[in-house]
Amino acid sequence: MEDGEVSGTNHTHAETGYDPAYEWPGYTEVPQPTTVLNESLSSNFKPWSLLRLFVQTSSVLPRTQRLTVLDEHKEVQFGRDVAPAGSGTPRVRLKEMAVSKLHATMFWDAGRREWAVVDMGSKHGSFLRPGGYSGPTVSVGEDLGIRLSPSRVASFPRALKHKDALTIGSTTFVVHIHSDRISCEGCSSSGSGDNIIPLFPVSKGVKRAREEVGSMPSEERDAKKALTMLKRTLLSRHDTARSSASSQPSSYVDRSAKRRALFPSSPLDTPGVLSPRSDSPCVTSSGSVPMPETPAPPQPLPESNIGRQLLMKQGWQPGTALGSQENASGLVEPLEVSATSNRSGLGMPEKAPTSSSGDWRESGKQKWWADMIDKK
């Protein structure tokens with residue numbers, strides 16, 4: 001009997017203990033839970049390596065912000081200015097004059113399957129030091145590494161390795177690349193996320209709301225509760241701003257109504273009719289032009305007048321002229337004021353007489369003949 005052969009061929013299933021129900025039915029359709037699990041794994045899978053930047057030294061970034069997390073991004077920019085509105089590319093902002101507006105860019109090279117850095121033509125350059133450096137922080141005058149390109153010239157993509165150091169301005173980043181997408185101890189973020197550098201501009205309202213959420217105790221810091229509180233804070237501020245705007249009065253001021261209240265006797269303005277000029281004579285309701293009032297005759301100064309008292313102390317007597325009494329040629333009576341009618345004012349010349357016919361040509365001829373006679 002060979003190995004694996006069953007002794008005897010006339011044994012029944014009851015004797016051997018075999019049951020056909022134990023047989024494997026073969027491949028069937030894949031169960032539904034396994035399909036859902038595979039789909040979820042494929043949606044969360046990222047085809048690029050994990051990249052994080054640890055700030056080794058910087059004079060512009062806050063001391064609490066020491067880590068750049070790029071788990072969900074395949075590109076990051078470095079520059080002095082804020083990213084344009086609506087841009088979906090993250091940017092690390094370094095606010096100093098040694099950094100250009102758009103200084104450098106890191107990106108995932110899918111063809112070479114590696115992270116690379118490009119200098120975008122900055123003036124002061126970007127410096128890359130090979131990995132494995134564990135010395136002290138770099139200061140001014142020390143070796144910054146290899147400059148990627150000359151001034152004002154864009155560089156070729158330079159591959160990044162784990163533990164490389166990239167220096168931009170006064171900031172030095174240590175590159176952490178993990179192909180298994182598991183962060184190490186040196187690039188792990190804190191539990192609250194306070195050490196993470198923001199990659200997108202955050203409005204003041206959202207920043208305050210996040211600070212309020214972050215001030216909650218650790219036992220009450222739940223994700224759903226924090227999101228609910230953030231929504232309530234933003235909505236309440238929106239409603240408050242809307243109510244304050246609606247309660248403010250309109251900016252229109254009815255100046256005509258104010259003028260009518262201050263001067264009730266003034267005539268009302270008629271739409272489409274020009275108001276009379278201030279220098280033209282006022283027209284009454286009957287249509288006649290009022291005559292100018294005759295000024296009152298001058299009256300002698302009363303004895304309580306200070307000017308009269310000063311003159312009398314200097315020797316002046318009522319009824320005499322001012323000045324020396326030896327040559328009393330001054331005026332005793334005051335000048336009388338007479339109203340001028342049909343005149344524009346004092347000193348205006350009289351109008352030249354016009355001819356009866358009113359023809360300016362005839363008057364010009366007469367003047368020319370008069371000049372000729374005078375010359376003869």
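Residues numbered from 1 in each chain as written. Predicted model: local features only at pLDDT ≥ 70, side-chain atom pairs only at ≥ 80, totals over all residues. Heavy atoms only, no water.

### A short note on the overall build of the protein chain
Item 1. Helix and strand content of the protein chain: 7 helices and 11 strands.
Item 2. Taking all 376 residues of the protein chain together, 20% fall into the buried category.
Item 3. Only carbon and sulfur atoms are counted for the fraction: they give 55% of the accessible area of the protein chain, which is about 29300 Å². (Helix = DSSP H or I, 4+ residues; strand = E, 2+ residues; numbered from the N terminus. Buried < 20%, exposed > 50% of the residue type's maximum accessible area, 1.4 Å probe, protein only. Areas by Shrake-Rupley, 256 points an atom, 1.4 Å probe, with all protein chains shown as cover.)

### A few points about the confidence of the model for the protein chain
Item 1. With 61% of its residues at a pLDDT of 70 or more, the protein chain has an overall mean of 75.
Item 2. Low pLDDT (under 50) marks residues 33-41, which in the prediction has 1 contact with non-local residues, meaning those over four places away or in another chain.
Item 3. Note on residues 135-141: pLDDT is under 50 here. Beyond four places in sequence and across chains, it has 9 contacts. (pLDDT = per-residue confidence, 0-100. Contact = heavy atoms within 4.5 Å.)

### Observations concerning the sheet that holds strand β6 (residues 114-119)
Item 1. Strand order in this open sheet of 5 strands is β4-β3-β5-β6-β9, and the pairing throughout is mixed. Unpaired on one side and paired on the other, β4 (91-93) and β9 (158-159) mark the two borders of the sheet.
Item 2. In this sheet, β6 lies alongside strand β5 (residues 104-109) in antiparallel orientation, the contact comprising 6 bridges. Of the residues in β6, the one forming a bridge with F107 is A116. (Pairing = 2+ DSSP bridges.)

### Some thoughts on the nonpolar core
Item 1. L51, F78, V92 and M106 are the most contacted members of the largest nonpolar core, which has 26 residues in total.
Item 2. Contributing elements (two or more residues each) for this core: β1 (50-57), β3 (75-79), β5, β6, β10 (165-168) and β11 (171-178).
Item 3. Excluding residues within four positions of it along the chain, V92 makes contact with T68, V76, Q77, F78, G79, F173, I197 and L199. (Core = buried A, V, L, I, M, F, W, Y, C linked by side-chain atoms within 4.5 Å.)

### Quick notes on the pattern of salt bridges
Item 1. Under the criterion given, the structure shown has 2 salt bridges.
Item 2. The salt bridge partner of R52 is D71, with a shortest N-O separation of 2.7 Å. Placement of R52 in strand β1 and of D71 in the loop between β2 (67-69) and β3 is noted, with a sequence separation of 19 residues between them. Here R52 and D71 have matching classes, each one buried.
Item 3. For the salt bridge of R112 with D109, the shortest nitrogen-to-oxygen distance reads 4.0 Å.
Item 4. What makes R112 exposed here is its relative accessible area of 62%. (Salt bridge = Lys/Arg side-chain N within 4 Å of Asp/Glu carboxyl O.)

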